[in-house]
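For reference, the chains in residue letters:
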Amino acid sequence: MATGTVHSNGIELFYETRGPEDGVPLIFIMGLSAQLVFWPEGLLDALANRGYRVIAFDNRDAGKSTRIRAPFKYGPLQAMLRYMVGARVHAPYTLDDLVADTFGLMDALGIQRAHLVGASMGGMVVQLAAATDADRVLSVTSIMSSTNSPLLPPPKPTALKTLVAPRVEIETVDQYVAFGLDMMAKLGGTLDQGRDELENMFRRSWERGLNPRGIRNQFLAILATGNLTKRLKRVRCPAQVIHGGADPLIRPAGGKASARAIPGARLTIIDGMGHDLPPSAQPRIVELIDGNCQRAGVGETVVEGARC
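Residues numbered from 1 in each chain as written. Predicted model: local features only at pLDDT ≥ 70, side-chain atom pairs only at ≥ 80, totals over all residues. Heavy atoms only, no water.

(A) Highlighting helix α4 (residues 121-132). In this model, α4 (12 residues) spans 16 Å end to end at C-alpha, consistent with the 16 Å of a helix rising 1.5 Å per residue. Most of α4 sits out of view: 11 of its 12 residues are buried. Taken together, the buried positions of α4 are occupied by Met121, Gly122, Gly123, Met124, Val125, Val126, Gln127, Leu128, Ala129, Ala130 and Ala131. (Helix = DSSP H or I, 4+ residues; strand = E, 2+ residues; numbered from the N terminus. Expected span 1.5 Å × (residues − 1). Buried < 20%, exposed > 50% of the residue type's maximum accessible area, 1.4 Å probe, protein only.)

(B) Highlighting the environment of Val24. Positionally, Val24 belongs in the loop between β2 (11-18) and β3 (25-29). By relative accessible area, which is 15% here, Val24 ends up buried. Separated by 159 residues in the primary sequence, Val24 and Met183 have C-alpha atoms spaced 35 Å apart.

(C) Seen up close, the pairing of β3. Counting buried residues in β3 gives 5 out of 5 residues, a clear majority hidden from the surface. Of the two faces of β3, both are covered, the one formed by Pro25, Ile27 and Ile29 as well as the one formed by Leu26 and Phe28. Pairing between β3 and strand β4 (residues 53-57): 5 bridges, direction parallel. By the bridge assignment for β4, Ile29 is matched with Phe57. Considered for its hand, the β-α-β crossover made up of β3, helix α1 (residues 41-48) and β4 is right-handed. Pairing analysis gives 4 bridges linking β3 to strand β5 (residues 114-119), with the strands arranged parallel. (Pairing = 2+ DSSP bridges. Right-handed = clockwise from strand over helix to strand, strands pointing away.)

(D) Summary view of the sheet that holds strand β1 (residues 2-8). Read across the open sheet, the 8 strands follow the order β1-β2-β4-β3-β5-β6-β7-β8; overall the sheet is mixed. What marks the edges here is a single partner per strand, and that holds for β1 and β8 (266-270). Across the sheet, the mean angle separating the axes of adjacent strands is 20° when strand polarity is ignored. Relative to strand β7 (residues 239-244), strand β6 (residues 137-143) is paired through 4 bridges, and the arrangement is parallel. Its bridge partner being in β7, Thr141 is matched across the sheet by Gln240. Most of the contacts of helix α3 (residues 95-108) go to β1, to which it runs at about 115°, and overall it touches β1, β2, β3, β4, β5 and β6. (Axes fitted to C-alpha atoms, helices over the stretch in contact; angles between N-to-C directions. Contact = heavy atoms within 4.5 Å.)

(E) Examining helix α7 (residues 195-208) more closely. End to end, α7 covers 20 Å across 14 residues, agreeing with the expected 20 Å (1.5 Å per residue, within 8%). Along α7, the positions that sit buried rather than exposed are Leu198, Met201, Phe202, Ser205 and Arg208. Seen from one end, α7 has its buried residues packed into an arc of 125°, which puts them on one side. Away from its buried face, by an angle of more than 90 degrees, α7 presents the exposed residues Arg195, Asp196 and Glu207. Buried residues in α7 make contact with β2 and α6 (173-187). Positive phi appears at Gly209, one or two residues downstream of α7, with a value of about 115°. (Arc of directions from axis to C-beta.)

(F) Spatial organisation of the packing of α1 against helix α11 (residues 282-295). Taken N-terminus to C-terminus, the directions of α1 and α11 make an angle of 40°; their axes are 10 Å apart at the nearest point. Considering how the two elements wind past one another, α1 and α11 form a crossing that is right-handed. Packed against α1, whose contacting residues are Leu43, Ala46 and Leu47, the element α11 presents Gln282, Ile285, Val286, Ile289 and Asp290 at the interface. (Left-handed = near helix turned anticlockwise from the far one by under 90°.)

Structure follows, in structure tokens:
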């Protein structure tokens with residue numbers, strides 16, 4: 001595995017890559033406040049072992065990537081209310097900027113076209129990327145995400161609190177791990193979440209550096225972007241939508257809405273999965289991602305100097 005930092009769209013993005021350098025690029029984009037370490041190692045390794053050049057990176061305002069400093073006009077609850085009634089939500093950036101970040105990362109790494117996989121907010125980013133520039137996206141897999149429509153069912157109250165509740169004071173890594181495990185318990189479904197894997201994920205996040213302010217920036221970016229439904233009609237690449245049947249945060253209706261909006265998209269609901277990537281579901285998710293990539297039937301150059 002190699003790591004590095006690239007200049008993209010006016011910011012710095014930290015990334016990790018694994019698998020053969022001449023493999024077809026497969027880029028993973030995480031969700032709200034989540035660092036790249038939230039992608040399970042086993043899932044990424046499994047796809048790298050299938051010959052993909054697997055790349056994961058920290059979004060702006062997460063992990064080791066650039067942190068955006070901007071004043072807040074209002075809190076998350078007020079922002080949600082404005083969005084629900086159709087009022088404009090002001091934000092330091094939108095999901096379109098995260099799409100531009102992704103394409104900038106590809107440019108810096110010499111990648112012309114790539115398969116994109118996103119979770120939660122990252123799912124919105126990859127959907128939007130495919131709708132924005134069809135020449136850059138080979139296929140798109142959206143996991144536990146949605147069209148961002150305000151008409152979709154809201155999160156369950158306990159899950160909603162993980163987004164809008166005031167953050168508790170955390171001073172040690174053990175406190176952060178306990179906080180993280182409690183949060184994931186509220187977001188999970190009926191499948192075992194793998195406590196050891198989650199604990200390691202939160203410990204690595206603490207060590208890499210937290211950015212509480214970035215959580216609000218990213219949340220505002222989602223609301224400021226608005227409903228993606230009409231834009232998703234422009235997607236022309238193979239699309240796979242994966243959603244947990246027990247997701248309390250972005251309800252299954254969100255994934256179904258994405259599958260309806262994207263022409264030819266395939267929808268898979270995994271029973272018992274919540275807003276997480278439980279170990280027992282990971283082999284199936286790997287198969288679904290790989291299968292969707294295979295649907296693209298890649299035959300042209302997607303990496304400078306390489307063919308696939």
